Structure formats: structure tokens, C-alpha cells
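Now for the letters of each chain:
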Amino acid sequence: MALESRITQEEIKKEPEKPIDREKTCPLLLRVFTTNSGRHHRPDEFNRGNVPSSELQIYTWMDATLKELTSLVKEVYPEARKKGTHFSFAIVFHDPRGKVYRLKDIGNTVSGRKGADDSMTLQSQRFQIGDYLDIAITPPNRAPPLNTRMRPF
């Protein structure tokens, strides 16, 4: 007699994340690469041990939210503090099948505004220790590039 699971993918995704005790859990080193052009770095810029020059090193935890990471980036880049500045986040990970790096868009935040992705965590997006984070920063006077997450309607 075969048993069939009745758990759907949506139910798996809705599982609550385990809270991280930041007093007892050692933080991880998050290597963050930023651009001020509004576009992410190309995946080939990470190949063969190379990385872009605009690196920030942040010690944080897997339950860090995109809004929390936005505020840490704003501490380093004063020009990103302006209200309306867009931050587009992507995880850069090594694809073991092709010996190349891939980018996975995970969310967007806007300085001075609340958004749907503000509370998204690294853990919820399957970030793994060793991955990089790429943040495309778009100043408020330039329209952010449209993608599937930010529709004009």
C-alpha cells in the first residue's frame, strides 16, 4: 500500500522560520556588492575567484530582513539615504552544474517607504553561507528598472 503526501508546496513555504537567538548564535559574514547604476552586477564578474570592487562586509544573521540590510547599507553610503532611493536585492550563488555564478532576484525596498519585501529574510529566500548579496541602488531621481516584482499597475 503506497502512501501519498497531501502537503503542498505552498504549505511547505508557509512553515514559520525558527527564531534565531542573536545573543547565542554567532553571526555570519555577508559579502555584499553594490552598484549605483540601478542594475545588478553581471554573473560573470564573480567567476574565477574574482569579485566586483564595491564590496561591503556585514556581520549579520540568517533572519536579517531586507529592510535591516537596507539600513546598514545606508550607513555606509550617505547618498542612498535620500527618500525614494530604490534597493534591489539578489543572491549570487555558485551553480555547481555549470561552474558559473547565477543571480536570483529576491526583493526590493525603498528608502522612506514601507513595502511588501521589507520583512523578507535571507533564510526565507534560501540564502546559504558562502553566497553573496548583490544590491542595485537606484537614486530617487531615476526610475528603477522594471521587473516582475515591481509592476507599474
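Refer to the structure above for everything that follows.
Residues numbered from 1 in each chain as written. Predicted model: local features only at pLDDT ≥ 70, side-chain atom pairs only at ≥ 80, totals over all residues. Heavy atoms only, no water.

## Focus on the pairing of strand β4 (residues 100-110)
Stage number 1. Pairing of strand β3 (residues 86-95) with β4, which is carried by ten bridges, proceeds in the antiparallel orientation. Considered in β4, the bridge of Phe-87 is made with Thr-109.
Stage number 2. Counting the residues that bridge the hairpin from β3 to β4 gives four residues, and of these Lys-99 lies at a positive phi of roughly 55 degrees. (Pairing = 2+ DSSP bridges. Helix = DSSP H or I, 4+ residues; strand = E, 2+ residues; numbered from the N terminus.)

## Looking at the sheet that holds β4
Stage number 1. Read from one edge to the other, the open sheet built from five strands follows the order β2-β1-β5-β3-β4, with strand pairing classed as mixed. Lying at the two open borders of the sheet, with one neighbouring strand each, are β2 (55-60) and β4. Neighbour to neighbour, the strand axes of the sheet diverge by 30 degrees on average, direction disregarded.
Stage number 2. Contacts from helix α2 (residues 66-76) reach β1 (28-35), β2, β3, β4 and β5 (132-138), with the element oriented near 90 degrees to β4. (Axes fitted to C-alpha atoms, helices over the stretch in contact; angles between N-to-C directions. Contact = heavy atoms within 4.5 Å.)

## Notes on the environment of Lys-114
Stage number 1. Structurally, the position occupied by Lys-114 is in the loop between β4 and β5.
Stage number 2. Classification of Lys-114 as exposed rests on a relative accessible area of 84%.
Stage number 3. As for Lys-114 and Lys-67, which are separated by 47 residues in sequence, their C-alpha atoms are 8.9 Å apart. (Buried < 20%, exposed > 50% of the residue type's maximum accessible area, 1.4 Å probe, protein only.)

## Looking at the pattern of salt bridges
Stage number 1. On inspection of all chains with the given rule, the structure shows eight salt bridges.
Stage number 2. Residues Arg-42 and Asp-44 are paired through a salt bridge, measuring 3.1 Å at the closest nitrogen-oxygen approach.
Stage number 3. Accessibility expressed as a relative area gives 51% for Arg-42, which makes it exposed.
Stage number 4. Arg-97 serves as the salt-bridge partner of Asp-95, at 3.4 Å between the closest nitrogen and oxygen. (Salt bridge = Lys/Arg side-chain N within 4 Å of Asp/Glu carboxyl O.)

## Brief notes about the packing of aromatic side chains
We describe a pair of aromatic rings using the distance from one ring centre to the other and the angle between the two ring planes.
Stage number 1. Across all of its chains, the model carries five aromatic pairs by this definition.
Stage number 2. With 5.4 Å between their ring centres and 80 degrees between their planes, Phe-33 and Phe-46 make a pair best called edge-to-face. Of the two residues, Phe-33 sits in strand β1 while Phe-46 sits in the loop between β1 and β2, which places them 13 residues apart along the sequence.
Stage number 3. For Phe-33, a relative accessible area of 0% puts it in the buried group.
Stage number 4. Between the aromatic rings of Phe-46 and Tyr-132, the centroid separation amounts to 5.5 Å while the plane-to-plane angle is 25 degrees, which identifies the pairing as stacked. Pair noted here: Phe-46 is in the loop between β1 and β2 and Tyr-132 is in strand β5, with a separation of 86 residues, a long-range link.
Stage number 5. Connected via pairs of aromatic rings, a cluster forms that spans Phe-33, Phe-46, Tyr-101 and Tyr-132. (Phe/Tyr/Trp six-rings, centres within 6.5 Å; stacked < 30°, edge-to-face > 60°.)

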